[in-house]
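Spelled out, the chains give:
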Amino acid sequence: MVLSITILVSPIGQEVLHDAFFSGEQLSRNIAQPIAFIGFVILSLICVVEWLVRLLISKRRARGATS
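Just so you know, these numbers come straight off a predicted model, no measurement behind them.

**Structural notes on the overall build of the chain**
Each helix and strand in the chain was counted, giving three helices and zero strands. In sequence order, the secondary structure elements of the chain are arranged as α-α-α. For 67 residues, the compact-globule estimate of 2.2 N^0.38 gives 11 Å, and the C-alpha radius of gyration of the chain, at 18 Å, exceeds that figure by more than 25%. With the C-alpha coordinates of the chain rotated into their principal frame, the extents come out at 60 × 20 × 15 Å.

Dropping the structure here:
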């Protein structure tokens, strides 16, 4: 999750967000919006996978060593 926040507040992330949603030129917005949406999906998937791994680890620790 820290990786997602870091990417969004980095200068490159800020530039993509600005170009995708606040640019004055329609062509720039049309090019940058799909890139921004794909980036959001990838970052969201990373957060979901991290959450699932943490959930799996906590369940294994609660169950104890069975091997």
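Text resumes after the structure shown.
**Remarks on the packing of helix 1 (residues 2-9) against helix 3 (residues 26-63)**
Running from N to C, helix 1 and helix 3 point in directions that differ by 160°, and their axes come no closer than 9 Å. As summarised for this structure, helix 1 and helix 3 are arranged roughly antiparallel, according to the angle between their axes. Contacts between helix 1 and helix 3 involve Leu3, Ser4, Ile7 and Leu8 from the first element and Phe40, Leu43, Ile46 and Cys47 from the second. Residues belonging to the contact of helix 1 with helix 3 are distributed by class as follows: seven nonpolar, one polar and no charged.

**Observations regarding helix 3**
End to end, helix 3 covers 55 Å across 38 residues, agreeing with the expected 56 Å (1.5 Å per residue, within 8%). Regarding helix 3, the residues found buried are Ala32, Ala36 and Leu43. Buried residues in helix 3 make contact with helix 1 and helix 2 (11-21). Just downstream of helix 3 lies Gly64, where phi reads positive at about 95°.

**With respect to the packing of aromatic side chains**
Summed over the entire model, instances satisfying the criterion amount to one aromatic pair. Seen from their ring centres, Phe21 and Phe37 are 5.8 Å apart, and the 70° between their planes marks the pair as edge-to-face. Residue Phe21 is found in helix 2, and its partner Phe37 is found in helix 3; the two are separated by 16 residues along the sequence. A relative accessible area of 35% means that Phe21 is categorised as partly exposed. Residue class for Phe37 comes out partly exposed when judged on its relative accessible area of 45%.

**Structural notes on the side chain of Ser23**
Mapped onto the elements, Ser23 comes out in the loop between helix 2 and helix 3. The exposure class of Ser23 is buried, given its relative accessible area of 12%. In terms of polar contacts, Ser23 uses its side chain to reach the backbone amide nitrogen of Glu25, at 3.3 Å. A polar contact is formed between the side chain of Ser23 and the side chain of Ser28, at a distance of 3.5 Å. Not counting residues within four places of it along the chain, the set of residues in contact with Ser23 comprises His18, Ser28 and Arg29.

The rules behind these values
- Residues numbered from 1 in each chain as written.
- Predicted model: local features only at pLDDT ≥ 70, side-chain atom pairs only at ≥ 80, totals over all residues.
- Heavy atoms only, no water.
- Helix = DSSP H or I, 4+ residues; strand = E, 2+ residues; numbered from the N terminus.
- Rg over C-alpha atoms; globule rule 2.2 N^0.38 Å.
- Axes fitted to C-alpha atoms, helices over the stretch in contact; angles between N-to-C directions.
- Parallel < 35°, antiparallel > 145°, perpendicular 65-115°, else oblique.
- Contact = heavy atoms within 4.5 Å.
- Nonpolar A, V, L, I, M, F, W, Y, C, P; charged D, E, K, R; others polar.
- Expected span 1.5 Å × (residues − 1).
- Buried < 20%, exposed > 50% of the residue type's maximum accessible area, 1.4 Å probe, protein only.
- Phe/Tyr/Trp six-rings, centres within 6.5 Å; stacked < 30°, edge-to-face > 60°.
- Polar contact = N/O pair within 3.5 Å; in protein donor to acceptor, adjacent residues only side chain to side chain.

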